[in-house]
Amino acid sequence: MTTGKRSTTMRAVQVPAAGAEFQIVEREIPEPGPGQVRIKVQACGICHSDALTKEGHWPGISYPRVPGHEVAGLIDALGAGVSGWRAGQRVGVGWHGGHDNTCAECRRGDFRNCRNLKVAGISYDGGYQEYMIAPIEALAAIPDSLNAAEAAPLLCAGITTYNALRHSGALPGDLVAVLGVGGLGHLGIQFAKQFGYRVAAIARGPQDAELAKKLGATIYIDGGAERAAEVLRRHGGAHVILATAPSSKAMSEVIDGLAPNGRLIVLGATAEPIQVTPLQLISGSRTIQGWASGTPTDSEDTLRFAELSGVRPMIETYPLERAAEAYARMMSGKAEFRVVLTM
Ligand SMILES: [Zn+2]
Ligand SMILES: [Zn+2]
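Residues numbered from 1 in each chain as written. Chains lettered and ligands numbered in written order. Predicted model: local features only at pLDDT ≥ 70, side-chain atom pairs only at ≥ 80, totals over all residues. Heavy atoms only, no water.

### Focus: helix α3 (residues 148-166)
Each turn of an α-helix holds 3.6 residues, which means side chains three or four residues apart point in the same direction.
Turning to step 1, where the next piece is worked out: L155 marks where α3 bends most, by close to 50°.
Turning to step 2, where the next piece is worked out: Burial runs high along α3: 17 of the 19 residues are buried.
Turning to step 3, where the next piece is worked out: Where α3 starts, the residue carrying a side-chain oxygen 3.1 Å from the main-chain nitrogen of A149 turns out to be N147. (Bend = angle between axes of the 7 residues up to and from the residue. Helix = DSSP H or I, 4+ residues; strand = E, 2+ residues; numbered from the N terminus. Buried < 20%, exposed > 50% of the residue type's maximum accessible area, 1.4 Å probe, protein only. Polar contact = N/O pair within 3.5 Å; in protein donor to acceptor, adjacent residues only side chain to side chain.)

### A word on unusual backbone geometry
Turning to step 1, where the next piece is worked out: Going from Y63 to P64, the amide bond is cis rather than trans, its omega being 0°.
Turning to step 2, where the next piece is worked out: Note that P64 resides in the loop between α1 (50-55) and β4 (71-78).
Turning to step 3, where the next piece is worked out: F337 follows E336 through a cis peptide bond whose omega is -15°.
Turning to step 4, where the next piece is worked out: Tracing the sequence through the fold places F337 in the loop between α10 (323-332) and β15 (338-342).
Turning to step 5, where the next piece is worked out: Here N101, not a glycine, exhibits a phi torsion of approximately 65°, which is positive.
Turning to step 6, where the next piece is worked out: Inspection of the secondary structure assignment puts N101 in the loop between β5 (90-93) and α2 (104-107).

### A short note on the packing of α3 against helix α4 (residues 185-194)
Turning to step 1, where the next piece is worked out: Between α3 and α4, whose axes approach to 9 Å, the crossing angle comes to 45°. One element, α3, and the other, α4, form an angle in the oblique class. Our pair here, α3 against α4, has a crossing hand that is right-handed. Along the contact surface, α3 presents L154, A157, G158, T161, Y162 and L165, while α4 presents L187, G188, F191 and A192.
Turning to step 2, where the next piece is worked out: Its residues placed into classes, the contact of α3 with α4 shows seven nonpolar, three polar and no charged. (Axes fitted to C-alpha atoms, helices over the stretch in contact; angles between N-to-C directions. Parallel < 35°, antiparallel > 145°, perpendicular 65-115°, else oblique. Left-handed = near helix turned anticlockwise from the far one by under 90°. Contact = heavy atoms within 4.5 Å. Nonpolar A, V, L, I, M, F, W, Y, C, P; charged D, E, K, R; others polar.)

### Re the coordination of the zinc ion (ligand 2)
Turning to step 1, where the next piece is worked out: Those protein atoms acting as donors to the zinc ion (ligand 2) are D100 (OD), C103 (SG), C106 (SG) and C114 (SG), and they sit at 2.0 to 2.3 Å.
Turning to step 2, where the next piece is worked out: Considering all four donor atoms around the zinc ion (ligand 2), the spread of angles at the metal, 99 to 119°, places the coordination shape in the tetrahedral class.
Turning to step 3, where the next piece is worked out: A relative accessible area of 7% means that C114 is categorised as buried. (Donors = N, O, S within 2.8 Å, 3.2 Å for Na, K, Ca; no water. Tetrahedral: all angles 85-135°; square planar, octahedral: opposite > 155°, others 65-115°.)

Just geometry here; none of it tells us what the structure is for.
Okay, structure coming up:
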């Protein structure tokens, strides 16, 4: 599938060392090994978790490292022994960057919780580059109707909210609250609406009210002006609160807004403790649960559901060479809502 004189080098944006600034470098285009494909990257979302690579907050990262786990592109070359995928096929790679097939969880089919889970952009070079190598167990097929820049954020922010909600036990008509109207929350509200829930959005300040309603919330709670837990209780209590905002304090404050048998699902990653008393959980048999992303087949479900329902991320795009600026924009918390690099 080589066509004429193709350049043998490509541009990549790498983190040279933990905590160091991004560098744009020229690299050899890598070759896929057995069980791997090469992807011509078309778009790569910038996720807050890319800070793990940038700042070195994940143990054992070897540098230089190219971040990026919201990758959308085309299969460009197949390694030895690869079947079921073809050159030119549209694929994505999300947080689930590979599993070992041998640990206890994999042997039970619970690949999402593989003890040796690989993550693109952490365990190996990710999508902030023109070509990347991925193991086939990390690949998700992308439907034709989704463009690459829209598909990319669905592979982390999208799958995380979609997959958590669809396993939450909430039934159509149930009150589901989404805490945070941001990168994850704006997708969570849309999915919750499309799943047939009665959706409450919780944020701080009045400025997100209009957008939250446009995305599908029928109740908007300004957590700065009123006590969100009380408002939820007034509406009968939430069957599920999807906690997308990375604020342990905000999560602690909404727990009393859960209905009996209600569940707080924790997505927003922070290192601060959530405060809750045993009494809060015992009365009403309430649950607090964390949720991590999903497998590539879960990603395919997410993408197909987005195609079916019209759920789309709101994005700001930047060309690859402006990755440092794009990353700073994401970290500022001011982006609306996902920042995506395009190649
Ligand atoms: Zn992510
Ligand atoms: Zn495993």
